[in-house]
Every structure is written in structure tokens, then in C-alpha cells.
Amino acid sequence: MAVTECDVAVIGAGTAGLAAERKARACGAATLLIDPEFAGTTCATVGCMPSKLLIAAARVAHTVHGAETFGIRTRHEVDGPAVMDRVRRMRSDLAQGVRDQIAGLPDGITRRARARFTGPNMLELDSGERIRAKAVIVATGSAPALPDPFRDLGDLALTNSDVFELEDLPRSLAVIGAGPIGLELAQAFARLGVRVEMFDKGTHLAKLPEETSMHLRRLLEAEMPIHLGVEPKVEARGQQLHISHEGREAQFDRLLVAIGRPPQLDGLDLAAAGVRTDSRGMPHVDPKTLQVGNSAIFLAGDANGDRPLLHEASAEGSIAGHNAAHFPELAASRRQLPFAITFTHPTAATIGVLPGEDDDLATGCADYADQGRAKVEGRPGGLLRLHAQRGTGRLVGADLCLPEGEHIAHLLAWIIARGTDVTDALRLPFYHPTLEEGIKPALRELCGKIDREPEWNEDEGYPPGT
Ligand SMILES: Cc1cc2nc3c(=O)[nH]c(=O)nc-3n(C[C@H](O)[C@H](O)[C@H](O)COP(=O)(O)OP(=O)(O)OC[C@H]3O[C@@H](n4cnc5c(N)ncnc54)[C@H](O)[C@@H]3O)c2cc1C
């Protein structure tokens, strides 16, 4: 078969690959986009969106369940098949949107196939086609880890790839892995009436610093037991799972394995392209250019294992697309402020620089147990930690678990990204009574710690405890 020539070949049509192809084409490159399925992105099919759809249903159930706190009596029932049906219907619409976007790409640039390298600039597709590209972008994403002991459990063990296919809610669910995906899904199932227990061999939730992790754990444990620092034994007996640790045994209908999503590089044969990999099978990637070593290969999105988040996949696609189109001329991009959210309630987030990453940090805290608006809404509890550089007085990071924390996290990410000084942050308007004004005690504590007086007594007249 003849060899097809192009400027930039993109392997993988997920968020990173689509952004990469778009950018490379906008830069004038002749592109090819290769994917075995073109099913829609991981985000739309088995990731961000179906998980948020399940969380949305859980939030409604939780609100109705807690209505009596507000003097409102209701009778409610969770219809498991209807909940899962809505998740899948809405998910299908979102995935269809991505497929429509792919269908709208210029004629002849897509290849429905799996690709592997046969040389530095040569690809072979499982359709038999061979492609010579001046530069190649690998955007093959990641896949859930499912080690053998769990794989042997057959369909009793779920991952994010199949959990949204459940026709009904299980009666009970053990979740292994207390990272963002495990935590979000565990709490959602618990709120929908499933008996849930979580297990993790590590000691921190969702990669949070110790203090915030402990705070979040205490709040989440009101809804489900969380066992940290344990490696439970899992055994299938008939259609039940027996999970034992520390002399205790419990039975569950299903197990959700959420222990990480390693990059999907198997089968690409990077060695054939002359790419050297480390002991984990990962090549060296420059985070500013996304170039692999000195090659004409770029690694974007979850495939490089650096920041496995949607907005990063999209940004990395653009960086890789630009550099692949202009290869060997490369532009080093300034990366965005690190920013990660775990959509539990309270919501957890980390932003920017955290303690341990800079010796010159001071930290100011705000506890939301007594925060006015949080109490009004029946959701007291939460912790905010703001970090500033002692020398410059600039806010550089935060970690938190707060009611409606995704919104406060965004406000903080924006002012941190703008290099705002602690005293300037205190001069910003804070409306009363809001969850946002709960940030002020942390800012005031920081002012004290870095020896900066707020220029005026900014909250004279406000009621205490806000
Ligand atoms: C349950 C869950 C919840 C999440 N929630 C959030 C969230 O709330 N917020 C957030 O920011 N992120 C979230 N994420 C992470 C986010 O979904 C990912 O970071 C993002 O989707 C990664 O995009 P990608 O383009 O790197 O990979 P993908 O979208 O997975 O694309 C990879 C593509 O490569 C193709 N491919 C693989 N191998 C080959 C090959 N050899 N040849 C050709 N094609 C190939 C695949 O078919 C696929 O289409 C979540 C993830 C999960 C699993």
C-alpha cells in the first residue's frame, strides 16, 4: 500500500487530540486524525460528564432527604433504573455533540484505526495504511488500572469504563481508591441510598494536604465509612464480594476500582520511533513544549500523565498542535496555574503552590463550621487554607474543602493567577451574607502572619461569625 504523507498526524481523538488537530490545521499544517472509535471524548462518555450527572442526581436525593431540617416534610424514593437511564441519556447527547464536531472536520483527514510507530516519522494503522508525518502528536489518553486480583472478579468489579452502564443501583458498593474519581462516585452512590464503604492504602484523600484531607474525611464520614492506610482482601463468593481488613469482614454487591488511570501508551511501539522510556514506560516530555526528548513527537493530555484534567488536556492539545505544525521551531508556553477540583460535597480543591513546595509560605485558615451563610443553608463545615509568599505578600496557593467550593476555588484561582497581594484581596468587595465572605478570616490571619496591616478596618459593623 502507498504511504500517505502529512505534516502532522494526531493519534487519539479525545479532548487533547481534537484540540491538537484543530490548532495544527489553523497553523497551516496538513493533518490526519487517527482514532479506532471516534466515540466521543473520555470526558463525555465515561468521565467528567456522566460522573457529574450521577452527582447531580445524588445532590437532589440528598436535598430531599434533608428537607426536614428546614421544616419541610416529603416522601421520596430513589428509582435506580431511572437515575441510571438519565445519566446515560444525557451522556449520549453530550457524546453525540463531540461526534458531530468530528463529522464536521474537513473531508479525508480522519482515519478510523489504531496506530503504532514503525519509525521516527512513520506510523502503521491496523487498517494496513502507512503514514509518514513530519511530526506526530500522541494524545491517546489514559485507561483505568485494573490489576489481576480485581480483573479476576469479572463483572463484580467495575471501573469508570463500565460503572455508568449499570441498569440499576447496586444495594452495596465497596470503593477502592480515595482519589477524586473514587470519592466523587462513592459519595454520589451513598447519597442515592447505596451502602458504600471506601478503602485506600494511602492516608490522604484526593491528593489534598494533610489538614484539609483530615477535615474532608471527617465531613464525608457522616455519609460513608472511609478506611485509609488499608489494603483489604477481596474475594468473590457466588455473586457477593467479601472484603476483609484488620479482622473485619463485610459483604458487597459490587466493587468500584478507582486506583488511577495510567497513560495508554501500550501498543504504540514508541521504541520503534527511537523514543527512550523510564522504568514506568514513560518518555521524557518537556512540559512547556510537550516535545518528547529531541524528537518530532509530542505527548498531550492524559497520555503524558502530568496533569490528567480536562482543561489541561485541551490546553496541551493546543501547545502540541502549534509546536508540531512549526517543528523544529518550538514555542515554550507558560503553563496555567495548577488547579484541581474534586466534586464532593463539600467540594475539595487545590490551587497553585502548596505548603512543602515553597519554604517561604505563610498560611491563613478559615473554618466554615461557624460561617453564617453555610449555617443558613444547613451545610456548616469546611476548611479553607490560603497560602502567601512572606517576602512579596502575594497569594500563591490555596487548598480547601468548602460548601459550593467549586465557585470559591475559581475566585481564588483567578485572583491568585493575577498575582494579587493579600492586602489588595482584602480590599475587594465581599457581599454579605455569602459563602465568599468566609474567605476574609483567612486573609486577615495571613496579614498578621506576614506583618501587613489591612489599611483600614474593613469589616467594621459586620456581625461576628461571618
Ligand atoms: C470518572 C472521571 C471523571 C472525571 N472528571 C473530571 C472532571 O470533573 N474535571 C476534569 O477536569 N477532568 C476530569 N476527568 C479527567 C478528564 O476526563 C481527562 O483528563 C480528559 O478526558 C483526558 O482527555 P485526553 O484527550 O487526554 O484523552 P481521551 O479523551 O481519553 O482521548 C484519548 C483517545 O485516544 C484514542 N486512542 C487510544 N489509543 C489509540 C491508538 N493506539 N491509536 C489511535 N487512537 C488511540 C482513544 O480511542 C481516545 O479516543 C475525569 C475522568 C474520569 C475517568
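Because the structure is a prediction, the values reported are computed rather than measured.

**A word on the overall build of the protein chain**
Then, in step 1: Looking only at helices and strands, the protein chain has 12 helices and 20 strands in total.
Then, in step 2: Relative to a compact globule of 466 residues, whose C-alpha radius of gyration would be 23 Å, the protein chain shows 24 Å and is just as compact.
Then, in step 3: The 466 residues of the protein chain split such that 49% are buried.
Then, in step 4: Counted over contacts in the protein chain with a minimum sequence separation of 6, partners at least 24 positions apart contribute 67%.

**Observations concerning the packing of helix H1 (residues 15–26) against helix H8 (residues 310–326)**
Then, in step 1: H8 packs onto H1 with a crossing angle of 35 degrees between their chain directions and a minimal axis gap of 7 Å. Handedness of the crossing formed by H1 with H8: right-handed. Of the residues in H8, those touching H1 at Thr15, Ala16, Ala19, Ala20, Lys23 and Ala24 are Leu310, Ala313, Ser314, Gly317, Ser318, Gly321, His322 and Ala325.
Then, in step 2: Its residues assigned to classes, the contact of H1 with H8 comprises 7 nonpolar, 6 polar and 1 charged.

**A short note on the state of the cysteines**
Then, in step 1: The tally for this structure, following the rule as stated, stands at 0 disulfides.
Then, in step 2: Residue cysteine 6 stays outside any disulfide, its sulfur separated by 15 Å from that of cysteine 27, the closest cysteine.
Then, in step 3: Residue classification places cysteine 6 among the buried residues on the basis of a relative accessible area of 7%.
Then, in step 4: There is no disulfide at cysteine 365, and the cysteine sulfur nearest it, in cysteine 401, is 11 Å away.

**Things to note about the sheet that holds strand E14 (residues 254–257)**
Either a parallel or an antiparallel arrangement is found when strands of a sheet pair, and the pairing is made through backbone hydrogen bonds.
Then, in step 1: Judged by pairing direction, the sheet is parallel, and its 5 strands sit side by side in the order E7-E14-E8-E9-E10 without closing on themselves. Both outer strands of the open sheet, strand E7 (157–158) and strand E10 (226–228), are each paired with one neighbouring strand and no more.
Then, in step 2: Here 2 bridges tie E7 to E14, and the two strands are oriented parallel to one another. Within the sheet, the bridge partner assigned to alanine 157 lies in E14 and is leucine 255.
Then, in step 3: On top of the sheet, helix H6 (residues 180–191) reaches strand E8 (172–176), strand E9 (195–200) and E14; it is set at about 160 degrees to E9, its chief contact.

**With respect to the pattern of salt bridges**
Then, in step 1: Considering all chains together, one arrives at 30 salt bridges under this definition.
Then, in step 2: Residue glutamate 21 pairs with arginine 25 through a salt bridge whose shortest N-O separation is 2.7 Å. Remark: arginine 25 and glutamate 21 occur in helix H1; sequence separation between them is 4 residues, near one turn of the helix.
Then, in step 3: Across the pair lysine 52 and glutamate 184 runs a salt bridge, and its minimum N-O distance is 2.9 Å. Of the two residues, lysine 52 sits in helix H3 (residues 48–65) while glutamate 184 sits in helix H6, which places them 132 residues apart along the sequence.

**Observations regarding the site of the ligand**
Then, in step 1: Among the 35 residues in the neighbourhood of the ligand, the closest are listed as Ala16, Asp35, Thr42, Asp302 and Leu310.
Then, in step 2: Between an oxygen atom of the ligand and a side-chain N or O atom of threonine 42, the distance comes to 2.4 Å.
Then, in step 3: Counting residues per element, the ones that place at least two in the shell around the ligand are H1, strand E2 (31–35), helix H2 (42–46), H3 and H8.
Then, in step 4: When its residues are assigned to classes, the shell around the ligand shows 18 nonpolar, 12 polar and 5 charged.

**Overview of the nonpolar core**
Then, in step 1: If you look at the biggest cluster of nonpolar residues, it comprises 52 residues, and the most contacted ones within it are Ile11, Ile34, Phe117, Ile137 and Val138.
Then, in step 2: For this core, the leading source of residues is strand E6 (residues 130–138), giving 6 residues.
Then, in step 3: Sequence-distant contacts of valine 138, defined by excluding residues within four places in its chain, comprise Ile11, Phe117, Leu265, Leu268, Ile297, Phe298, Leu299, Ala300 and Ala303.
Then, in step 4: Membership of the second largest hydrophobic core comes to 38 residues, among which are Leu158, Val175, Ala188 and Leu208.

**A look at the packing of aromatic side chains**
Then, in step 1: For the structure shown, the criterion picks out 1 aromatic pair.
Then, in step 2: Between the aromatic rings of phenylalanine 298 and phenylalanine 327, the centroid separation amounts to 6.2 Å while the plane-to-plane angle is 80 degrees, which identifies the pairing as edge-to-face. Of the two residues, phenylalanine 298 sits in strand E15 (residues 297–299) while phenylalanine 327 sits in the loop between H8 and strand E16 (339–342), which places them 29 residues apart along the sequence.
Then, in step 3: Lying over the aromatic face of phenylalanine 252, arginine 195 brings its terminal NZ or CZ to 4.7 Å of the ring centre.

**Things to note about the packing of H3 against helix H4 (residues 80–103)**
Then, in step 1: The N-to-C vectors of H3 and H4 enclose an angle of 145 degrees; their axes lie 9 Å apart at closest approach. The handedness of the crossing between H3 and H4 comes out as right-handed. On the side of H3, the interface is formed by Met49, Pro50, Leu53, Leu54 and Ala57, while H4 contributes Val83, Met84, Arg86, Val87, Met90, Arg91 and Leu94.
Then, in step 2: The residue makeup of the contact of H3 with H4, split by class, is 10 nonpolar, no polar and 2 charged.

**Some words on the environment of aspartate 359**
Then, in step 1: Within the fold, aspartate 359 resides in the loop between strand E17 (347–352) and strand E18 (361–367).
Then, in step 2: Assessed through its relative accessible area of 82%, aspartate 359 is described here as exposed.
Then, in step 3: For the pair aspartate 359 and threonine 212, spaced 147 residues apart in sequence, the C-alpha to C-alpha distance is 19 Å.

**A word on the confidence of the model for the protein chain**
Close reading of the predicted structure is inappropriate where its pLDDT is low.
Then, in step 1: In the predicted model, the protein chain carries a mean pLDDT of 96, and the fraction of residues at 70 or more is 97%.
Then, in step 2: Predicted confidence is poor over residues 461–466, with pLDDT under 50, and the contacts of this stretch with residues over four places away or in other chains come to 11 contacts.

Definitions and cut-offs
- Residues numbered from 1 in each chain as written.
- Predicted model: local features only at pLDDT ≥ 70, side-chain atom pairs only at ≥ 80, totals over all residues.
- Heavy atoms only, no water.
- Helix = DSSP H or I, 4+ residues; strand = E, 2+ residues; numbered from the N terminus.
- Rg over C-alpha atoms; globule rule 2.2 N^0.38 Å.
- Buried < 20%, exposed > 50% of the residue type's maximum accessible area, 1.4 Å probe, protein only.
- Contact = heavy atoms within 4.5 Å.
- Axes fitted to C-alpha atoms, helices over the stretch in contact; angles between N-to-C directions.
- Left-handed = near helix turned anticlockwise from the far one by under 90°.
- Nonpolar A, V, L, I, M, F, W, Y, C, P; charged D, E, K, R; others polar.
- Disulfide = S-S within 2.5 Å.
- Pairing = 2+ DSSP bridges.
- Salt bridge = Lys/Arg side-chain N within 4 Å of Asp/Glu carboxyl O.
- Near = heavy atom within 4 Å.
- Polar contact = N/O pair within 3.5 Å; in protein donor to acceptor, adjacent residues only side chain to side chain.
- Core = buried A, V, L, I, M, F, W, Y, C linked by side-chain atoms within 4.5 Å.
- Phe/Tyr/Trp six-rings, centres within 6.5 Å; stacked < 30°, edge-to-face > 60°.
- Lys NZ or Arg CZ within 6 Å of the ring centre and 35° of its normal.
- pLDDT = per-residue confidence, 0-100.

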